[in-house]
Each structure stands twice: as C-alpha cells, then as structure tokens.
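Listed here are the chains, written in short residue letters.
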Amino acid sequence: MILLVLPVSTSIFMVHFFSAESIQRIPIGIIHYDYSKLSERLEYSLSANPVLDLKLHCSDFSECERGIRRGEIQAFIVIPYQFEKRVLRYETPVVPIYSNGQYYLTNMFALKEIRSVFSTIGSNLFTRHIKEPIKTEIHSVGNSTGNYQGYLGLGLVTSIFHMSSILIAVYVFSFPLRDRKTKEYIDAAGGSRMILWFASVVPLILISWFLMLAVYTYTHRFLAPLTLSEFIMVAAGQFAMVLACTGAGISFVGITGNMRMATSVAGVIGGPAFAFAGQTFPIIAMPFFVRCFAFLLPLTHLLKIQSQMILGDVGLIPSWDSLVILLGMGLFWHLLGGRLIFMRWKKWNHD
Amino acid sequence: MIKRLLKVTFSEWKLFFTDPAAVLLLVIAGFIYAFYYPTPYLKQVVTEAPVGIVDLDKTAMSRQLIQMSRAAQQIDVKYVFDDIHQAKLSMADGNIYGYMIIPNNMERDIRTGQKVTLNVFTHGAYVMLHGNIGTAFATSGLTLGAETKIKRIALDKQVPAKSAMAMRDPFPIQIQTLYNRTGSYSNYVVPSVLVLILQQSLIIGICTLGGARAHRKFRKKKQESAAENESLPYRYFGRSLAYFLHYACFIAFYHFVVYNVFDFPRRGEPLPMIVFAVVFLSASINLGMVLSQVFLRRETGMQIFLFLSIPILFLSNFSWPRYLIPDWMAALSAILPSSYAVPAWISIEQMGAGIQDASVFLVKMGVQSVIYLGLGLLLSFLRDKSKLKTGDM
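In this convention, every chain numbers its residues from 1, walking through the sequence in written order. The lettering of chains begins at A and the numbering of ligands begins at 1, in the order of writing. Two thresholds apply to this predicted model, a pLDDT of at least 70 for residue-level local features and 80 or more for giving and counting side-chain atom pairs, whereas whole-chain, interface and lining totals are computed over all residues. Hydrogen atoms and water are omitted, and side-chain values are computed over all heavy atoms in the structure.

Quick word on the overall build of chain B
Secondary structure assignment for chain B yields 14 helices and five strands. To get the radius of gyration, use the C-alpha atoms; to get the globule rule, take the number of residues to the power 0.38 and multiply by 2.2 Å. By the compact-globule yardstick of 21 Å for 393 residues, chain B is too spread out, its C-alpha radius of gyration being 29 Å. Dimensions along the principal axes, computed over C-alpha positions, put chain B at roughly 95 × 45 × 40 Å. Burial classification: accessible surface area is computed with a 1.4 Å probe over protein chains only, and a residue below 20% of its type maximum counts as buried, one above 50% as exposed, and the rest as partly exposed. The 393 residues of chain B split such that 58% are buried. Restricting the contact set of chain B to residue pairs at least 6 apart, pairs at least 24 apart contribute 77%. Seen as two clouds, the 39 positive and the 25 negative side-chain charges of chain B have centres 10 Å apart. In this description a helix means any DSSP run of H or I spanning at least four residues, a strand means any run of E spanning at least two, and both kinds are numbered starting from the N terminus. Contacts are assigned to residue pairs with any non-hydrogen atoms lying within 4.5 Å of each other. The positive count covers Lys and Arg only, the negative count covers Asp and Glu only, and His and the chain ends enter neither. For this purpose, a charge sits on NZ of Lys, CZ of Arg, CG of Asp or CD of Glu.

Looking at the packing of helix 6 (residues 148-178) of chain A against helix 9 (residues 228-256) of chain A
All names here are of chain A. The contact between helix 6 and helix 9 brings their axes to 8 Å, and the two run at 40°. What the angle tells us is that helix 6 and helix 9 run oblique. Crossing angle aside, the handedness with which helix 6 passes helix 9 is right-handed. When helix 6 is examined against helix 9, the residues Thr158, Phe161, His162, Ser165, Ile166, Ala169, Val170, Phe173, Ser174 and Leu177 are found in contact with a partner set consisting of Met241, Val242, Cys245, Thr246, Gly249, Ile250, Phe252 and Val253. Ten residue types, Ala, Val, Leu, Ile, Met, Phe, Trp, Tyr, Cys and Pro, are classed as nonpolar, four, Asp, Glu, Lys and Arg, as charged, and the remainder, Gly among them, as polar. Of the residues belonging to the contact of helix 6 with helix 9, the class tally is twelve nonpolar, six polar and no charged. Only the stretch in contact is used when fitting a helix axis, every axis being a line fitted to C-alpha atoms; angles between N-to-C directions are given from 0 to 180 degrees. Any angle from 65 to 115 degrees is called roughly perpendicular, while one under 35 is roughly parallel, one over 145 is roughly antiparallel, and all others are oblique. A crossing counts as left-handed when the near helix is turned anticlockwise from the far one by less than a right angle, and as right-handed when that turn is clockwise.

Describing the domain arrangement of chain A
Taken domain by domain, chain A consists of domain 1 (23-141) and domain 2 (149-350). Placing the centre of domain 1 of chain A and that of domain 2 of chain A at their C-alpha centroids yields a distance of 47 Å. Delimitation of the domains relies on an automatic or database domain assignment.

As for the pattern of salt bridges
Whenever Lys or Arg places a side-chain nitrogen within 4 Å of a carboxyl oxygen from Asp or Glu, that contact is recorded as a salt bridge. One pass over the structure, following the stated rule, counts 25 salt bridges over all chains. Residue B:Asp357 is joined to A:Arg69 by a salt bridge in which the shortest nitrogen-to-oxygen separation is 3.0 Å. Placement of B:Asp357 in helix 14 (residues 355-385) and of A:Arg69 in helix 3 (residues 61-69) is noted, with the two residues assigned to different chains. Here B:Asp357 matches A:Arg69 in class, with each residue buried. B:Glu230 is the salt-bridge partner of B:Arg4, the closest N and O atoms lying 2.9 Å from each other. One end of the pair, B:Arg4, is in helix 1 (residues 2-18); the other, B:Glu230, is in the loop between helix 8 (185-209) and helix 9 (232-261), with 226 residues separating them in the sequence.

Some details on a nonpolar patch on the surface
All names here are of chain B. Together, Ile28, Phe31, Ile32, Phe35, Phe256, Val257 and Val261 line one region of the surface with nonpolar side chains, adding up to about 580 Å² of accessible area. Of all the secondary structure elements, the ones that give two or more residues to the nonpolar patch are helix 2 (20-36) and helix 9. Looking at which element gives the most residues to the nonpolar patch, the answer is helix 2, with four residues. Its location among the elements puts phenylalanine 256 in helix 9. Patch membership requires more than 30% relative accessible area and the absence of a salt bridge. Residues of like charge join within 9 Å; the nonpolar side chains Val, Leu, Ile, Met, Phe, Trp and Tyr join within 5 Å. For every accessible area listed, the method is Shrake-Rupley and the probe measures 1.4 Å; residues are considered covered only by the protein chains on display.

Quick notes on the sheet that holds strand 1 (residues 26-32) of chain A
Strand pairing is assigned whenever DSSP detects at least two bridges linking the two strands. Strand order in the open sheet formed by five strands is 2(A)-1(A)-3(A)-4(A)-5(B), with mixed pairing between adjacent strands. The sheet is open, and its two borders are formed by strand 2 (52-58) of chain A together with strand 5 (173-179) of chain B, each paired with just one other strand. Ignoring which end each strand starts from, the neighbouring axes of this sheet average 25° apart. Of the strand pairs in this sheet, strand 3 (residues 75-79) of chain A and strand 4 (residues 95-100) of chain A are connected by three bridges, and their pairing is antiparallel. Bridge pairing links A:Ala75 to A:Ser99 in strand 4 of chain A. In the packing of helix 2 (residues 37-48) of chain A onto the sheet, contacts are made with strand 1, strand 2 and strand 3 of chain A, and the angle to strand 1 of chain A comes to roughly 170°. Strands strand 1, strand 2, strand 3 and strand 4 of chain A together with strand 5 of chain B of the sheet are contacted by helix 5 (residues 104-126) of chain A, whose axis makes an angle of about 165° with strand 4 of chain A.

With respect to the confidence of the model for chain B
All names here are of chain B. The pLDDT score gives, residue by residue, the confidence of the prediction method on a 0 to 100 scale. The pLDDT averaged across chain B works out to 91; a share of 100% of its residues lies at or above 70. Taken element by element, the predicted model of chain B shows its lowest mean pLDDT in helix 6 (residues 127-157) (87) and its highest in helix 10 (residues 270-292) (97). As a predicted assembly, this complex carries a pTM of 0.90 together with an ipTM value of 0.88.

A short note on the nonpolar core
Where a protein is soluble and globular, its nonpolar side chains tend to be buried together. Joining through side-chain atoms within 4.5 Å is the link that ties buried Ala, Val, Leu, Ile, Met, Phe, Trp, Tyr and Cys residues into a set, and such a set is a nonpolar core. Of all hydrophobic cores here, the largest spans 228 residues; its most connected members are A:Phe17, A:Ile77 and B:Phe276. There are two domains that each give this core at least three residues, and those are domain 1 (23-141) and domain 2 (149-350) of chain A. Setting aside chain neighbours within four positions, we find B:Phe276 in contact with B:Ile251, B:Leu281, B:Ala341, B:Ala344, B:Trp345, B:Ile348, B:Leu362 and B:Met365.

Concerning a positive patch on the surface
Together, A:Arg41, A:Arg128, A:Lys131 and B:Lys115 give the surface a local cluster of positive charge. Along the polypeptide, A:Arg128 turns up in the loop between helix 5 and strand 5 (134-141). Overall, A:Arg128 belongs to the exposed group, its relative accessible area being 54%.

Points about the confidence of the model for chain A
Detailed reading of predicted coordinates is not advised where the pLDDT is low. When pLDDT is averaged along chain A, the result is 90; 99% of the residues meet or exceed 70. Confidence, expressed as mean pLDDT per element, reaches its minimum in chain A at strand 5 of chain A with 88 and its maximum at strand 3 of chain A with 96.

Some thoughts on the interface of chain B and chain A
Counting residues at the interface gives 108 residues for chain B, matched by 111 residues for chain A. For any pair of parts, buried area is found by adding up, for both, the accessible area (1.4 Å probe) each one loses once the two are put together. The largest contributions to the chain B side of the interface with chain A come from B:Phe171, B:Phe307 and B:Trp320, which together make up 9% of the buried area. The interface formed by chain B and chain A holds seven salt bridges in total. As used in this structure description, the phrase polar contact means that two N or O atoms lie within 3.5 Å; if the pair is within protein, one of them must be able to donate a hydrogen and the other to accept it, and residues adjacent in sequence are counted only when both atoms belong to side chains. For the interface between chain B and chain A, the tally reads 31 residue pairs in polar contact (both at pLDDT 80 or more). Per-element tally for the side of chain B that touches chain A: the top contributor is helix 6 of chain B, with 15 residues. For the side of chain B that touches chain A, the residue count by class is 65 nonpolar, 28 polar and 15 charged.

Written out as structure tokens, the structure reads:
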C-alpha cells in the first residue's frame, strides 16, 4: 500500500486533477448603469471570451459583492452612467472593476482577460488604423501553452515521491522494531547486519526510483519532450533524491526508535516540502533562514534539475551542482542512518 | 448523565497531553504547523525578481526602455546582455528568471511608423514569476509605446494632446481588489492550509487514539478502567466532546493569535465563526470516528493521510476551480469536510460573510456530520462486538 499504491495513485490523481490544463470560464458579473451600443459591445466581448463566463447581471453593487462572498463570481464590472456619451465626448470615464484577490490564480487570469477585452475595444474605437507601436509578447520557456497539468503536475508528482521515499524507508526500517522481529530478520540475513541493510535498502531504492521515473514520464508527456541526455540527467537526479530521502527516513527511525514518531517527523518535513521548494513561491523571495531550510530539502534540488531540463538547449552543466548536492545528501543520510540503525539492531537483537 | 459524559470527556482530554503520540498530533502539530507553514511566505509578495535584458538595438530609446524596466517594482534588472545565448545560459544557471529582447533597429522602426515586437521569455517552471515579469516588461513597453502612439494620433487626427490621450485610451479601467488587496501569497494559501491542518491532525489524532473503541490495547494500565469502557453513547459523545472543545480552542487561537502574527485580515463575525466551528468540527470528528474503527494500528491513519494531504488540499479548490476538475473527483471531494470548510472559512474569516452567504457550504458540512455520526456509531458498535486480536488498538 505505502510502497506502490499510495504514491502512484496520488501522483496520477494530481496529474489528472489539472486535466483542464489552464483556467477557463471564470464566472464574473456586471452592473449596467448605461444601456448603450458601446456597453453592449463590451458585454458581448466579455461573453465571447473563453476564459470568462459572464454569469451574473446585478442590479446594484451589494448584489455582486454578495456573489463574490458566496463564491459565485470572481470579479464584476461596473459600467458607469452615461458611459457611451462620456466616451464620445473624450471625457475618459473610468470603469471600475472589483475583483476577489483571495483566489489568487483565478483573479490573475480574470483580470488579465478583462484588461485585454477593454484595451482591444478601447484602442479600436477611435484609432482602429493606428496600431500600438510596441507590442509585447510573453513566452513561457518550456511550457509555451501555460499548461498547469505539466507545470504543477510535475512538481507535485516529485513532491509526493519525495515524501513517499522518506515514509517507505521509515516503514520498512521501523517494522521489525514495531513488531519485535529484529532478531528474526537478522537471523534470516545469516546474522549479518550488513546483509540485512542491503537487502532492505536496495529494493526500496530501486522500486521507488522506477515508480517515480514511470510516473514522471507519464506526466512529462504534457510538456515538450526531453532529449536522451536530459532524460538521463533527470533520472540521475531522481535516483539521488530517492537515495537521500530513504537515508533520511532510516535516520529518523534510528533517532526516534519507533514507527509512530519517525512517521511524524517524516510528515513534518515531507508534508509541506513543496511549499519550501520554490516552485510555487520562489526561494529568492523567502527569508534567509527559510532559504537555508529549503536548501536542506532534497526536493528543492531535484525540482531545480527538472526545471533546468525544460529550458531546452542550454546543456547539462547548470544541473551538475544540484546533482552533486543530492548525491552528497544521499551519502550523508545513509551513513548517519546506517550507523544509527545498526546500533538499534544491535540493541534489539540483544533484548 | 452529564457527569458520566464529562468524566469520559475529561479522561480523553487528559490523554491528549499524556500519550506521546497524541501530544504530538493533537497539541504540538496544531501550533507548530500554524507557524511553520507560513514562513516561506513571510514577505507575502514577490518583488524584485532577477531578470535580464538583451539589448540588440543600443540606442537612446532602448536605454530609455531599460531605465523604465529598472523602475518596475516587480523586477530587478540584473544584467544587460549583448546576445540571446548569454541570457539563456543565465536563466539556466538560475541567475535570472526571465529576460526581454529589445530587437535590432527598434528605435528606427518606431520612428518610421513600423510596429515593433518585444519578446519576453520567462522560466516555464515558475508560473508566479511568469506573471510578475511579464507584467513588468509589458508595462514598460506599453508606456514607451504610449508616447509614440499619442504623437501619431495627434498628427493623424489633428487634435490636441489631451484629446489624443483620450482617443488612445477612451475608458481606462480601475481595478479595486476587494479582498487580499496587497496580492499577498500567504494570505491566499495559508488560511486554506490552516483549515486543512485542523482537519488532518484531528482525523489522524482520532485514529491514533482509536476513536470510540473500548478496551484500547495501547492504554495498557487503564484499558479496563470505568471511563475507558463506558457504554457506547457515552464513549462516543464524551470523547467527541473532548475533541470538539480542544479544537474549538485551536480555531480561537488561529483567529486571535495566528491571524494577528501573520497580519491576515480577520473579518469573521462571532456568530458565523461559531456556526462554522460547530459544523466543521462535527463533520471532521465524526469522520475521524468512522475511520478510526477501520484501522488496526495506531499509525496507519497517519501513514495514509500524509499521502492524501496534497490531494485533499487541492480538492478544497482554494486554487483550482471546482468546475474544472473531472466530475468523479468533484464527487469524491464531497466526502471530505475540508472541501466545504475551506471555502466557508475563506468566506467568513477573509471576506466577512454572514451565515446566509456561507450557508451553501455550512449545510453540506452539516449533512456530512449527520451521515458520519450514524456511520461512526454503527462501526463503533460493530468493533465492540468483534474479537480482533491483531493490531495495537
């Protein structure tokens, strides 16, 4: 369940959660204080925009505001009195737009589209033949369509495997302690703690790594394909992250000595790791001590490698540092975890 | 009757502070997470994202554009490159998160009436910076272009500059953000996460303590005590009351302390807050009571719910609208209290909604409570009758 079913099913679940790929049909409202051709034209354009869904026609401000509080609409537009007449008199009437900043993402998309509708109609009203002299085109490198299934999906899948690698190691290494079977396990390994160590660690790492690689490949089909060398670099990074996380999980068992406490520690560190890893809120904007903590998370470095790979023709050199850090973490945690768990095994074997 | 009930309640509450696993989940987690999770977002907004500009024009106008970009609050122009490859490498190294290309002959083309395109490239993996960087560069480009366009309109239409300005932008828009006015990322994420912390720690905590189960094996010395083996209704409602009172204190703590510490808007009125606390905690406690009868080991709930925390958070639709997720996921989300508790909390606490405005969510949580209560009582009854020897509960 913990090794196979939960990591794979939650990862696939998260990938399909974003199957709409980008935000569409954001419900908005409108208050008309001017029924003119121009206001109708604006309303028609807002209705025709695929990102917006003109859902609510309010009679007054409080009705639309209530709509926002009830979650029925994201934003509303107030077409002012004598709107068209004032526009034709060059009085530049201001159109207020009220939006709900609490829902950050939908708000960002809604305002962008509303701005675009107003500026298109506004610039074509008197000066259709005089185009804007400077046009700005914004491209997202590696994610040209702004696909959230690829963008967030990849990060979340990685984050789920980051946590699962720690939890699985905690489970596997604390199971004999919990069920008082340490002696039985060591006997099965011919009395060698080293053999027991390898017999526990190697399948654990390989299974987690292969599963992660498979789910990553499945998720990555929503983005531009990787070259072979890029794929190898990502795979190496994932291996190193699994190595570091399993080592950390073993260390938590070695430190706490029981499954419940080790799982709690794993949860405290692995649970919110995605928030610290810098994909949603950039690390540069975090306070210094949080940046230090983010640096200690293997997830941060793997996400860095994965995001560098989606940039395309920049080579593998920028990713080497992250890979070396991950391997270093793997070595450190396994040495620490090995030392501590050997001590536990020795104690429990005698008990 | 009340005395018997309160005896069970007190005995369970005492356990929250004496059982090491319970202390961690039901006492420490609620405090630690509330301060630990918001720390990445202490600065609340992203300003001065490092960017570069590739200046292929090298004219007075291109330098003016660079100056305008430097003035933007969202970005920090760290480098001005001579060629595109340098900018690409710098982005791959993580030194910058985006760059703008000022094309060759920009000034000449603008002055000769041609249209110029400024291409802005942002790192595809960082959607938040994409928006900030794009907006900053687009505003700089638009400002530079506006001057030229106004001159063109004035010449073409033979109108004064003021009219030309009105013709260029005949109805300017003014955006008023009603809630989360500063665009704070922590204000957007953390309130939803706080509700999730309450739900998850409550459910996992109840599972760790075995819910309304009698003869809990882990209570080695006290498993045969009177309070431990009261009749089912007393055990169920007495222990539920302990969880309810304990978590009601957490809600008050979040409202009065955590919201103040992190400077979140606190608009919740007492009555809607109380109604929210009653229905949300009832639904979560009863769900915990149901699940606790399914697991045989104390840590199983923790292992499963740690995996499910990310899907559960997203199913509360705080970031991705419910109507965009597949139907079966929307249906699945109906079993979780957080799916309604998060929007209800945001409406009440962040937006100051009354009971009527939040009723659509509160009623659904009320229905969940009733269903889980029936199921919880039934499963506890069946568990009391069963003679399972495995596990530690």
